Amino acid sequence: MNDKTDEHRLIAERRDKLNKIREQGIAFPNDFKRNTVAGELHAEYGDKDNDFFDANPVRVKVAGRMMLRRVMGKNSFVKLQDMSGQIQLFVSRDALPEGLYADFKGWDIGDILGAEGLLFVTKTGELSVKLDALQLLTKSLRPLPDKYHGLTDTESRYRQRYVDLIMSDVTRKTFKMRTDIIQYVRDFLNQRDYLEVETPMMQVIPGGATARPFITFHHALDMDLFLRVAPELYLKRLVVGGFERVYEINRNFRNEGLSTRHNPEFTMVEFYQAYADYNDLMDLTEELLRGLAVDVIGSTTISYQGESYDFGKPFARMTVKESILQFNPDLNEAQLDDLDQARQVADQLGIPLKDSYGLGKVQIEIFEKTVEHRLMDPTFITAYPTEVSPLARRNDQDPFVTDRFEFFVGGREIANGFSELNDAEDQADRFRKQVQEKEAGDDEAMHFDEDYICALEHGLPPTAGEGIGIDRLVMLLTDSPSIRDVLLFPHMRKED
RNA sequence: GGGUCGUUAGCUCAGUCGGUAGAGCAGUUGGCUUUUAACCAAUUGGUCCGGAGUUCGAGUCUCCGACGACCCA
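In this text, all values refer to a predicted model and were calculated from it rather than measured experimentally.

Comments concerning the side chain of aspartate 485
Looking at the secondary structure, you find aspartate 485 in the segment after helix H17 (470-478). Setting aside its immediate chain neighbours within four residues, aspartate 485 contacts Arg157, Tyr158, Arg161, Thr174, Phe175 and Ser480.

Spelled out as structure tokens, the structure:
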């Protein structure tokens, strides 16, 4: 932090202690090897009693952070925390080498210790290690938060995640679950012969989504580069190349506002499957999410912020228009099918519209305002207007819409997928429309990507693709109210 | 972008009507041979987020700003 906290007396006291340790020899020893962890001990010996340990002495070497200490004259109890949990140490003056117990009493909560001894059970029935060897491995110079309340200040928890992780079981569990979720998704796709790939994070032409990109500069090449807003166009180039099932789990960057659901960098899994259509991917998504829920939380019922969502039964499916009519019973279809009438509806809803908006864009504005946040149960919304889906294949019966879906639960968009537009000429037209919108001032509109058109001209097989927002998925499965709770190091403003 | 709330000791929090800044934990000193947020005694520790204003006097009232949380767009 700053000089002031550096000079704080609590830190100064610990620095003095460290200096004394330095004078006595190696202050940061690196030769202690543990042979077990707390969780393993509880799993293996949690149900044993002292008769067992008398008959079968178990000698263990453990290491970790001292989280709690109760000094009772010549004996002390310590809670030692490692990556698997906590184990209690029983520290007895007379069992340790001369003088070590006095040293131990000068150590602090937060210090990293290595300890060796025999397992036993205390009077109150807690599995513990009776030490005959003890070593300070790392001196901690900064005091930890209150041993009971921990770190509750949200700002500090985000800015100093390492302290949050030390103090909060809930935080550790959330991020372990995040890893489990990503692992499940990866296994799920691997089992279905999808190939995991990496495509550029720095792109010459940002594409694949309508979003404002971050711009950076490459000095040697003397050119602007864009952090990707999506990997889509590169993944589809790979399908052209013959990798018929590919996926990537990685970061996207969007230069937009922050909220409980938005971080400037966020993680998506995007996957593409040749010879599949958007209906196949809805089925796949349903299977993935259902299996994920069972695997990660052990149930198809997901509790989120006091609500409960059933992933066990088939997910609802309806079109954009159907959903608007369902949640706006006073509207009729004719009002949504006519641009002037639809604009009138939007006006009444207080939605600001630009002159350039066509009927499809107006419909989506109405959808986002009146429907999206009300889609609580798992629901696929289909038939998105072509106008707002520049990379999706037109529907054969109704070219006004595309073969596209988005998936919602808890009022939030989790996934977006569609049958891919593989008609190079149609795609070129759509890019030209995007460029017009960009020139009209929409800085989220796409660029014209000539090489991508060239790739399509080589022939993209009929393909469906989808992106699932990992962060929002983790929020849902870990019952986290803010995206910051599922990002180890969320973006924060400068402190000053 | 707008609104509401918050920011006081390392941490968790009190602070009345505007009148010299409080507790618990942590730390320090002493006591204590099976504790469970151990306990007992003593004790150290403050840029009350920053700035300006009102006032004899501001943690407290007013304004501006920073950061955060929530809601709205």
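Right, picking up where we left off after that structure.
Section: the pairing of strand E8 (residues 215-218)
By the bridge criterion, 4 bridges tie E8 to strand E9 (residues 223-227) in an arrangement that is antiparallel. Paired with histidine 218 across the bridge in E9 is methionine 223. Hairpin remark: E8 followed by E9, antiparallel, with 4 residues in the connecting loop; positive phi at aspartate 222, about 50 degrees.

What to know about the pattern of salt bridges
For the coordinates displayed, the defined rule picks out 36 salt bridges. The partner of lysine 139 in a salt bridge is aspartate 108, with the nearest N and O atoms 2.6 Å apart. In this pair, lysine 139 sits in the loop between strand E5 (127-138) and helix H6 (154-159) while aspartate 108 sits in the loop between helix H5 (100-106) and strand E4 (112-121), placing the two residues 31 residues apart along the sequence. The pair lysine 139 / aspartate 108 is uniform in exposure class, with both members buried. A salt bridge links aspartate 337 to lysine 321; the nearest nitrogen and oxygen atoms lie 2.8 Å apart. Linking aspartate 337 in helix H12 (residues 333-337) with lysine 321 in helix H11 (residues 320-327), this pair joins segments that are 16 residues apart in sequence.

So, the packing of aromatic side chains
Applying the stated criterion across every chain, the model contains 18 aromatic pairs. Summarising the aromatic geometry, the rings of phenylalanine 380 and phenylalanine 407 are spaced 5.1 Å apart at their centres and angled 50 degrees between planes, so their arrangement reads as tilted. Linking phenylalanine 380 in strand E15 (residues 379-382) with phenylalanine 407 in strand E16 (residues 404-409), this pair joins segments that are 27 residues apart in sequence. Taken together, the ring pairs in this structure connect Phe311, Phe315, Phe380, Phe405 and Phe407 into an aromatic cluster. In this structure, arginine 237 packs its charged tip against the face of tyrosine 234, placed 4.6 Å from the ring centre.

Regarding the confidence of the model for chain A
Averaged over every residue, the pLDDT of chain A is 94; residues scoring 70 or more account for 98%. Segment residues 1-5: pLDDT under 50, and 4 contacts once partners within four positions in sequence are set aside and those in other chains are kept. The complex prediction reports pTM at 0.94, with the ipTM value standing at 0.92.

A look at the side chain of lysine 236
Looking at the secondary structure, you find lysine 236 in helix H9 (residues 232-240). When its relative accessible area of 0% is taken as the criterion, lysine 236 is described as buried. Leave out the neighbours within four places in its chain, and lysine 236 touches Tyr272, Leu391, Phe418, Glu420, Tyr452 and Leu460.

A few points about the nonpolar core
Within the largest apolar cluster, 44 residues are counted, with the highest numbers of intra-cluster contacts made by Val269, Phe271, Phe311 and Phe407. A total of 9 residues in this core trace back to one element, the largest contributor, which is helix H10 (residues 278-297). Ignoring anything within four residues of it in the chain, the contact list for phenylalanine 271 reads Leu189, Tyr194, Val246, Tyr247, Leu281, Leu284, Ala464, Gly465, Glu466 and Ile468. Grouped together as the second largest cluster of nonpolar side chains are 30 residues, Val78, Leu100, Phe104 and Leu136 included.

Looking at the environment of arginine 161
Assignment of secondary structure puts arginine 161 in helix H7 (residues 161-167). Separated by 328 residues in the primary sequence, arginine 161 and phenylalanine 489 place their C-alpha atoms 6.8 Å from one another. In contact with arginine 161, other than residues within four places in its own chain, are Ser156, Thr171, Phe175, Arg484, Asp485, Leu487, Leu488, Phe489 and Pro490. Side-chain polar atoms of arginine 161 contact the side chain of aspartate 164, separated by 2.8 Å. Of note is the side chain of arginine 161, whose polar atom sits 2.8 Å from the backbone oxygen of leucine 488.

Rules used throughout
- Residues numbered from 1 in each chain as written.
- Chains lettered and ligands numbered in written order.
- Predicted model: local features only at pLDDT ≥ 70, side-chain atom pairs only at ≥ 80, totals over all residues.
- Heavy atoms only, no water.
- Helix = DSSP H or I, 4+ residues; strand = E, 2+ residues; numbered from the N terminus.
- Contact = heavy atoms within 4.5 Å.
- Pairing = 2+ DSSP bridges.
- Salt bridge = Lys/Arg side-chain N within 4 Å of Asp/Glu carboxyl O.
- Buried < 20%, exposed > 50% of the residue type's maximum accessible area, 1.4 Å probe, protein only.
- Phe/Tyr/Trp six-rings, centres within 6.5 Å; stacked < 30°, edge-to-face > 60°.
- Lys NZ or Arg CZ within 6 Å of the ring centre and 35° of its normal.
- pLDDT = per-residue confidence, 0-100.
- Core = buried A, V, L, I, M, F, W, Y, C linked by side-chain atoms within 4.5 Å.
- Polar contact = N/O pair within 3.5 Å; in protein donor to acceptor, adjacent residues only side chain to side chain.

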